[in-house]
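Overview (structure and organization)
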Amino acid sequence: MSEQEWPLYEVFIRSRGGLSHRHAGSVHAPDDQMALDHARDTYTRRSEGVSIWVVRSDQLVASDPAETASFFEPAEDKIYRHPTFYDIPDGVENL
Amino acid sequence: MTPEQALTAYVLRLGDNALVLGQRMVELVAAHPELEEELANANFALDYIGQARMFYAYAAEREGAGRSEDDMAYLRPEHEFRNLLLVEQANGHFGDTIVRQVLFDLYYQSLLQALANCSDARLAEIAARAGKEVRYHLRHAANWLVRLGDGTDESHARVQQSLRDLWRYTGEMFAADELDAIVQASFDGPNLDAIETDWRRALADIIDEATLTMPEEQSMAKGGKQGIHTEQFGYLLAELQNLPRTYPGATW
């Protein structure tokens, strides 16, 4: 008998129409279709979703934690990238 | 038997099918090799037990003899259970379980679909609700059957044998008895001949995709609908009823 483990899939759930899919967790599954079944049975038991995406974890391209310094730190002192230097006219509620 | 009495007995029988299958699946809780499949099985088992509750509660109400849904499940002797022999068959190995689920769910889904259009409003509502659950169970079990059949030589041979072993319990599903006939005639209920035609066609598609072959015709077992069960049913019922019979009226 094969002792090989099923591949890992990342699960993304849209909780209701209009919202984006958010990462919910991961499941093991023998193939794509079963991954969708497993995601449904594992993460939407309490009406958490209206749509599911699954993707094999080894197909995700992720940033390298060792590169954190060059990836993210340069943005930390660029406060001009935040839209905080505008005077908001009275009466504008959503900007 | 009046049509009203027949409908009550018919609803009770639907409850028996759901409860016994649910109880069989409960035996597998904490026994699955994969966590995801474990969750799926337990979810499905609870779906069937939930359906049994709805059927039993309605049957008890119709009967009007002061019995509750619990009395129906826990205090009836073996010969009063009218579930199909197929649903009481032991879980066996994973392939046996999957084949049993496909054979039954394929029939059950068509039956519920027909019942959702019957003239008894309450039964139609229960059937419509249960139908949604069963459609997913069927999808999941059929997905597995295709993977096992079209998997390794070992898994292919095993599920082919499961099909052969369980085939003799399929005839009973479509053998209409008095209750089936009355419910069809008086309440616009399911036509079992039509359901059998659909069942064979849909099953042939799944079996084909799974690279399996339809089992050869053989003599069919029957008796479940008359309360004559296979030996293993007694053990299932003993486990199910042990607590309420040992401590009558126990609550938690």
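Conventions adopted
The residue count restarts for each chain, going from 1 along the sequence in the order it is written. In the order they appear in the text, chains get letters beginning with A and ligands get numbers beginning with 1. Per-residue local features are limited, in this predicted model, to residues with pLDDT of at least 70; the limit for side-chain atom pairs, both in listing and counting, is 80 or more; totals at the level of whole chains, interfaces and linings are taken over all residues. Note that water and hydrogens are dropped before the side-chain values are worked out from all heavy atoms of the structure. Two strands qualify as a pair provided DSSP detects at least 2 bridges between them. Only DSSP runs of H or I reaching four residues or more are called helices, and only runs of E reaching two or more are called strands; each is numbered from the N terminus. Axis geometry follows a simple rule: fit a line to the C-alpha atoms, using only the stretch in contact for helices, then measure angles between N-to-C directions, giving values from 0 to 180 degrees. A contact between two residues is defined here by any heavy atoms of the two lying within 4.5 Å. Buried area is understood as the total, over both parts, of accessible area removed when two parts are fitted together, assessed with a 1.4 Å probe. We define a salt bridge as a contact between a side-chain nitrogen of Lys or Arg and a carboxyl oxygen of Asp or Glu at a distance within 4 Å. Think of a polar contact as two N or O atoms within 3.5 Å of one another; within protein, one of them needs to be a possible hydrogen donor and the other a possible acceptor, and neighboring residues in sequence only count if both atoms come from side chains. When residues are sorted by character, Ala, Val, Leu, Ile, Met, Phe, Trp, Tyr, Cys and Pro go into the nonpolar class, Asp, Glu, Lys and Arg into the charged class, and all the rest, Gly among them, into the polar class. The cut-offs for exposure are 20% and 50% of the maximum accessible area for each residue type, with area from a 1.4 Å probe on protein chains only; residues under the lower value are buried, those over the upper are exposed, and the others partly exposed. By definition in this entry, angles of less than 35 degrees are roughly parallel, angles greater than 145 are roughly antiparallel, angles of 65 to 115 are roughly perpendicular, and the rest are oblique. By definition, any crossing whose near helix is turned counterclockwise from its far helix by less than a right angle is left-handed, and any crossing with a clockwise turn is right-handed.

Before going further, it helps to examine the sheet that holds strand E1 (residues 8–14) of chain A. Residue and element names in this part refer to chain A. As summarised here, the arrangement of the 3 strands in space is E2-E1-E3, forming an open sheet in which the pairing is antiparallel. Every other strand in the sheet has two partners, leaving strand E2 (22–28) and strand E3 (51–56) as the edge strands with one partner each. When strand polarity is set aside, the average angle formed by the axes of neighbouring strands in this sheet is 30 degrees. Where E1 and E3 come together, 6 bridges link them in antiparallel fashion. Each bridged residue has a counterpart across the sheet, and for Phe12 the counterpart in E3 is Trp53. Packing against the sheet, helix H1 (residues 32–43) makes contact with E1, E2 and E3, and its axis sits at approximately 115 degrees to E2.

So, about the interface of chain B and chain A. Taken together, the contact pairs 13 residues of chain B with 14 residues of chain A. Where chain B abuts chain A, roughly 1,300 Å² becomes buried across the two surfaces, and 51% of that area is made up of carbon and sulfur atoms. When the buried area of chain B at its contact with chain A is split by residue, Glu36, Tyr136 and Arg147 of chain B rank highest and sum to 41% of it. If you look at where chain B meets chain A, you find 2 salt bridges. Of the charged contacts, one joins Arg147 of chain B and Asp31 of chain A as a salt bridge, the two residues approaching to 2.4 Å between their closest N and O atoms. Our count for the chain B to chain A interface comes out at 11 residue pairs in polar contact (both at pLDDT 80 or more). Put simply, the parts of the chain that give the side of chain B that touches chain A at least two residues each are helix H2 (35–63) and helix H6 (121–149) of chain B. When the residues that make up the side of chain B that touches chain A are grouped by side-chain class, the tally is 5 nonpolar, 3 polar and 5 charged.

Attention now goes to the pairing of E1 of chain A. All names here are of chain A. Among the 7 residues that make up E1, 5 are buried, leaving the element largely enclosed by the rest of the structure. One ladder, built from 6 bridges, connects E1 with E2; its direction is antiparallel. Paired with Glu10 across the bridge in E2 is Ser26.

Tracing the backbone shows Trp167 of chain B in the loop between helix H7 (153–166) and helix H8 (171–174). Placed 47 residues apart in sequence, Trp167 of chain B and Met214 of chain B show a C-alpha to C-alpha distance of 9.3 Å.

Residues and elements named next belong to chain B. Two numbers describe how H2 lies on helix H5 (residues 94–115): the axes approach to 14 Å, and their chain directions differ by 40 degrees. With respect to their mutual orientation, H2 and H5 come out oblique. Crossing handedness for the pair H2 and H5: left-handed. Of the residues in H5, those in contact with Glu37, Tyr48, Gln51 and Phe55 of H2 are Phe94, Gln101, Asp105, Tyr108 and Leu112. Classifying every residue of the contact of H2 with H5 by side-chain character gives 5 nonpolar, 2 polar and 2 charged.

On to the packing of helix H1 (residues 3–26) of chain B against H5 of chain B. Each pair of packed helices can be described by the angle between their axes along with the distance between the axes. Residues and elements named next belong to chain B. Across the interface, H1 lies against H5 with an axial gap of 13 Å and an inter-helix angle of 150 degrees. With respect to each other, H1 and H5 are oriented roughly antiparallel. Viewed along their axes, H1 and H5 form a crossing whose handedness is left-handed. Together, Tyr10, Leu14, Asn17, Ala18, Leu21, Arg24 and Met25 of H1 and Arg100, Gln101, Phe104, Tyr108, Leu111 and Leu115 of H5 make up the contact between the two elements. Here the residues of the contact of H1 with H5 are counted per class, giving 9 nonpolar, 2 polar and 2 charged.

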